[in-house]
Amino acid sequence: MNYAILISGRGSNMQALIDARLPGSCAAVISNRPDAAGLAWASQRGVPTVVVDHKSFASRAAFDTALAAAIEQSGARLIFLAGFMRVLTEPFVQRYTGRLVNIHPSLLPAFPGLHTHEAALQTGVRVHGCTVHFVTPTLDCGPIIVQAVVPVLADDTAAVLAARVLVQEHIVYPHAARGLLEGRCRLEEGRVVWSGDATPATLAMRVPAGE
Ligand code: GRF
């Protein structure tokens, strides 16, 4: 099954997905920003890149229509959002129900939205992490595919914590993507069910080495 990756910036999760040599092929990397650093990385590796610049459209609906056209043209069936910083309209999300996946840098349902690492430090949680989930019309709220947990340490800054979480993002996103592409996890009545090799729905906390 072919997939597309949607980015807005540096694209480190996109790189992790492409480097994982997933089954199927990456039909397109699509960015809403022409200056996204991840575009150059992808095209250097021969992955087709497309820019759908949100600034060229008068409304979110018009942008989403163009985005869907780019996805359809690529032939992708699964869509991975990887640092894609646009809120998608409900018709777009409905169109891709069960095929639209996001990574969010918190243990959802804690800390939806932006500035998750600052919020984790502010709140004083002892564990933090990231979540790969299906996208639903409510922001950062869809069925959870996999999560990874990291400790929050006493002297963490938001940047240090973000870096610790990002290491895990690069592990769990390819893990989830592989499960989806191989048909080992699926949506059942609004929840994600893994089959076959009893893949854990939550990866164990990895205490960072060398910190
Ligand atoms: C990641 O932390 C991701 O979880 C969030 O935005 C960031 C994107 O980073 N949605 P990158 O572009 O994948 O490096």
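In what follows, the accompanying structure is described.

Rules and cut-offs
- Residues numbered from 1 in each chain as written.
- Predicted model: local features only at pLDDT ≥ 70, side-chain atom pairs only at ≥ 80, totals over all residues.
- Heavy atoms only, no water.
- Helix = DSSP H or I, 4+ residues; strand = E, 2+ residues; numbered from the N terminus.
- Rg over C-alpha atoms; globule rule 2.2 N^0.38 Å.
- Buried < 20%, exposed > 50% of the residue type's maximum accessible area, 1.4 Å probe, protein only.
- Contact = heavy atoms within 4.5 Å.
- Areas by Shrake-Rupley, 256 points an atom, 1.4 Å probe, with all protein chains shown as cover.
- Lys, Arg positive; Asp, Glu negative; His and termini not counted.
- Charge placed at Lys NZ, Arg CZ, Asp CG, Glu CD.
- Axes fitted to C-alpha atoms, helices over the stretch in contact; angles between N-to-C directions.
- Parallel < 35°, antiparallel > 145°, perpendicular 65-115°, else oblique.
- Left-handed = near helix turned anticlockwise from the far one by under 90°.
- Nonpolar A, V, L, I, M, F, W, Y, C, P; charged D, E, K, R; others polar.
- Near = heavy atom within 4 Å.
- Polar contact = N/O pair within 3.5 Å; in protein donor to acceptor, adjacent residues only side chain to side chain.
- Core = buried A, V, L, I, M, F, W, Y, C linked by side-chain atoms within 4.5 Å.
- Phe/Tyr/Trp six-rings, centres within 6.5 Å; stacked < 30°, edge-to-face > 60°.

### Quick look at the overall build of the protein chain
Then comes step 1: Along the protein chain, the regular secondary structure elements total six helices and ten strands.
Then comes step 2: For a compact globule of 211 residues, the expected C-alpha radius of gyration is about 17 Å, and the protein chain comes in at 17 Å, within 12% of that figure.
Then comes step 3: For the protein chain, the proportion of its 211 residues judged to be buried stands at 48%.
Then comes step 4: Within the protein chain, counting contacts between residues at least 6 apart in sequence, those at least 24 apart form 59% of the total.
Then comes step 5: On the protein chain, roughly 10000 Å² of surface is accessible, and the fraction owed to carbon and sulfur atoms is 55%.
Then comes step 6: For the protein chain, the distance from the average site of its 17 positive side-chain charges to the average site of its 16 negative ones is 3 Å.

### Here we look at the packing of helix α1 (residues 12-19) against helix α2 (residues 37-44)
Then comes step 1: Contact geometry of α1 with α2 gives a least axis separation of 9 Å together with a crossing angle of 20°. The orientation of α1 with respect to α2, classified from their angle, is roughly parallel. Judged by the sense of rotation from one axis to the other, the crossing of α1 with α2 is right-handed. Facing α1, whose interface residues are Met14, Gln15, Ile18 and Asp19, α2 presents Gly38, Trp41 and Ala42.
Then comes step 2: In terms of residue class, the contact of α1 with α2 is built from four nonpolar, two polar and one charged.

### What to know about the site of the ligand
Then comes step 1: By nearness alone, every residue bordering the ligand is listed as Arg10, Gly11, Ser12, Asn13, Gly83, Ile103, Pro105 and Glu169.
Then comes step 2: Residue Gly11 places a main-chain N or O atom 2.9 Å away from an oxygen atom belonging to the ligand.
Then comes step 3: Its free accessible area being 370 Å², the ligand has 85% of it covered by the protein chains.
Then comes step 4: The residue makeup of the shell around the ligand, split by class, is two nonpolar, four polar and two charged.

### A word on the nonpolar core
Then comes step 1: Counting residues in hydrophobic clusters, the biggest one holds 40 residues, and the most contacted among them are Ile5, Val29, Phe80, Val101, Val132 and Ile145.
Then comes step 2: Counting residues per element, this core draws most heavily on helix α6 (residues 158-181), which supplies eight residues.
Then comes step 3: In this view, Ile5 contacts Met14, Leu17, Ile18, Cys26, Ala28, Val29, Ile30, Phe80 and Ala82; residues no more than four positions away in its chain are not counted.
Then comes step 4: Core analysis: the second largest hydrophobic core is formed by 21 residues, Ile30, Ala70, Ala76 and Leu81 among them.

### As for the packing of aromatic side chains
Then comes step 1: A full pass over the atoms with the stated rule returns four aromatic pairs.
Then comes step 2: For the ring pair Phe80 and Tyr173, a centre distance of 5.8 Å and an interplane angle of 80° mean the geometry is edge-to-face. With Phe80 in strand β4 (residues 78-81) and Tyr173 in helix α6, the pair connects residues that are 93 residues apart, well separated along the chain.
Then comes step 3: On the accessibility criterion, Phe80 (0% relative accessible area) is buried.
Then comes step 4: Ring centres 4.9 Å apart and planes at 50° place the aromatic pair Phe92 and Tyr96 in the tilted group.

### Description of the environment of Ala4
Then comes step 1: Structurally, the position occupied by Ala4 is in strand β1 (residues 3-7).
Then comes step 2: Take Ala4: its relative accessible area is 0%, and that puts it in the buried class.

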